[in-house]
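Each chain, written out:
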Amino acid sequence: MKRITILGSTGSIGTQTLDIVSQYPEQFQIVGLSCGSNVELLAKQIREFRPQIVALKQEEQLTALTEAISDLDYTPILVTGAQGLIEVARYGDAQTVVTGIVGCAGLLPTIAAIEAGKDIALANKETLIAGGPVVLPLVKKYGVNLLPADSEHSAIFQCLQGVPPGGLRRIILTASGGAFRDLPVEKLSLVTVSDALKHPNWSMGRKITIDSATLMNKGLEVIEAHYLFGLDYPHIDIVIHPQSIIHSLIEVQDTSVLAQLGWPDMRLPLLYALSWPARIQTDWPTLDLVKAGNLTFREPDHQKYPCMQLAYAAGKAGGAMPAVLNAANEQAVALFLEEKISFLDIPRLIEDCCAHFTSQNTTSPSLEDILAADQYARREVLTKSLKSKIWV
Ligand code: NAD
Ligand code: MG
């Protein structure tokens, strides 16, 4: 029986993790849950999974939550705000914390969980991208496991089982191509929020769906792969694979290439992050290659999608630059979702923000340096978008 806590339990990652827990109750037990504001769903989850502790971001909603669970025969510990999230992350005897929260807001809770000796099932890539230089030494110091739940990184991790140290030569990340993969580049300036939210293969939260449409998601995943698997950037490639059946590949020293395949279903990487190194038998639909049909590949278009190169550049610059890239992207995507900037403003604002960032400490930034870089980027993107009157 593995005891787990979920940060962001009402989101796409959170609900799919709970789906696994309800399918395999003899394998998994919930210790803590947390969410931003969806009190109704959170109350339902408390009823079903009986967590010991629950965090709610909005303190104002605490009364509504208390009322919604008042008829239960027990009361979980209820905590709120950013501090509440940290308390849930480090609470009790949970062995693994699933990070299904969005953005750099996951950084401090993830650090708290690591310091409490818990393994991390990492969905919240933004935390590692921004905080890699701080998070990785802590993972080592506290002897915990950082288990990738992102589908590409889970694929790489699965392929690496049995590859000896030093055996990995190249990583090939596959990308679906996002909502606009078949749209001519000249039409990108006109796309709307609802166009960008239509992902061809995966059903995910709003922020990551926009990141998929700009291909910044793949750029962020390049940095995520660098931190997780230790390869330098020239050895991490991206290939467009519209069917999302091959979830990523590795090349080993003798040129052999290993891949992990499956239907596009996030429960698979989530389950492996929770069960590793064991394999749990499931009754999920098995892959039928004939039904999958053609598996095709093409080069990513860097002219059409500048975000990938921005991410490579930020990754190579290192230090706090990935934190700047990430926060600029979070802020730009939030403005796009509020319909205040256009789709093509997203890469423009990020590029500008990274270009103006100067850091004293480029090699090994502290947590304070990273948080300051994050704040700088958010401010910069907001100010710039207002000043240049690109708000529409
Ligand atoms: P989502 O928007 O569906 O869910 C986010 C969850 O986190 C919700 O429960 C929300 O209430 C909570 N939350 C958000 N911001 C918060 C904050 N500041 N404080 C407290 N709680 C907060 O997002 P998602 O699609 O589940 O993505 C979660 C993370 O997983 C992201 O980092 C994303 O990049 C990553 N990821 C998601 C998928 C996927 O299939 N959804 C795949 C790979 C990686
Ligand atoms: Mg992914």
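Our subject is the structure listed above.
Overview of the structure.

What counts, and where the lines are drawn
- Residues numbered from 1 in each chain as written.
- Chains lettered and ligands numbered in written order.
- Predicted model: local features only at pLDDT ≥ 70, side-chain atom pairs only at ≥ 80, totals over all residues.
- Heavy atoms only, no water.
- Helix = DSSP H or I, 4+ residues; strand = E, 2+ residues; numbered from the N terminus.
- Expected span 1.5 Å × (residues − 1).
- Buried < 20%, exposed > 50% of the residue type's maximum accessible area, 1.4 Å probe, protein only.
- Right-handed = clockwise from strand over helix to strand, strands pointing away.
- Pairing = 2+ DSSP bridges.
- Axes fitted to C-alpha atoms, helices over the stretch in contact; angles between N-to-C directions.
- Contact = heavy atoms within 4.5 Å.
- Donors = N, O, S within 2.8 Å, 3.2 Å for Na, K, Ca; no water.

Taking 1.5 Å per residue as the helical rise, helix H14 (residues 321-337) with its 17 residues ought to reach 24 Å, and the 24 Å between its terminal C-alpha atoms agrees with that figure. Most of H14 is tucked away, with 16 of its 17 residues classed as buried. Positive backbone phi, approximately 60 degrees, marks Glu 339, located one or two places after H14.

Here we take up the pairing of strand S6 (residues 119-122). The alternating pattern of S6 places Asp 119 and Ala 121 on one face and Ile 120 and Leu 122 on the opposite face, and all of these are buried. Handedness of the S6-helix H6 (residues 125-142)-strand S7 (residues 146-148) crossover: right-handed.

Here we take up the sheet that holds strand S9 (residues 236-240). Taken in spatial order, the four strands of this open sheet run S9-S8-S10-S11, and their pairing is mixed. The open sheet is flanked by S9 and strand S11 (257-261), the only strands paired with a single partner. Each adjacent strand pair in this sheet contributes to an overall mean axis angle of 20 degrees, direction not counted. Relative to S9, strand S8 (residues 168-175) is paired through five bridges, and the arrangement is parallel. Bridging across to S9, Thr 174 finds its partner in Val 239. Contacts from helix H7 (residues 151-160) reach S8, strand S10 (246-252) and S11, with the element oriented near 40 degrees to S10.

With that settled, consider the coordination of the magnesium ion (ligand 2). The protein atoms that coordinate the magnesium ion (ligand 2) are Asp 150 (OD), Glu 152 (OE) and Glu 221 (OE), at distances of 2.1 to 2.3 Å. If you list the donors of the magnesium ion (ligand 2) from N- to C-terminus, the spacing comes out as D-x1-E-x68-E. Within this pair, whereas Asp 150 is found in the loop between S7 and H7, its partner Glu 221 is found in helix H10 (residues 216-229), the two being separated by 71 residues in sequence. In terms of burial, Asp 150 and Glu 221 fall into one category: buried.

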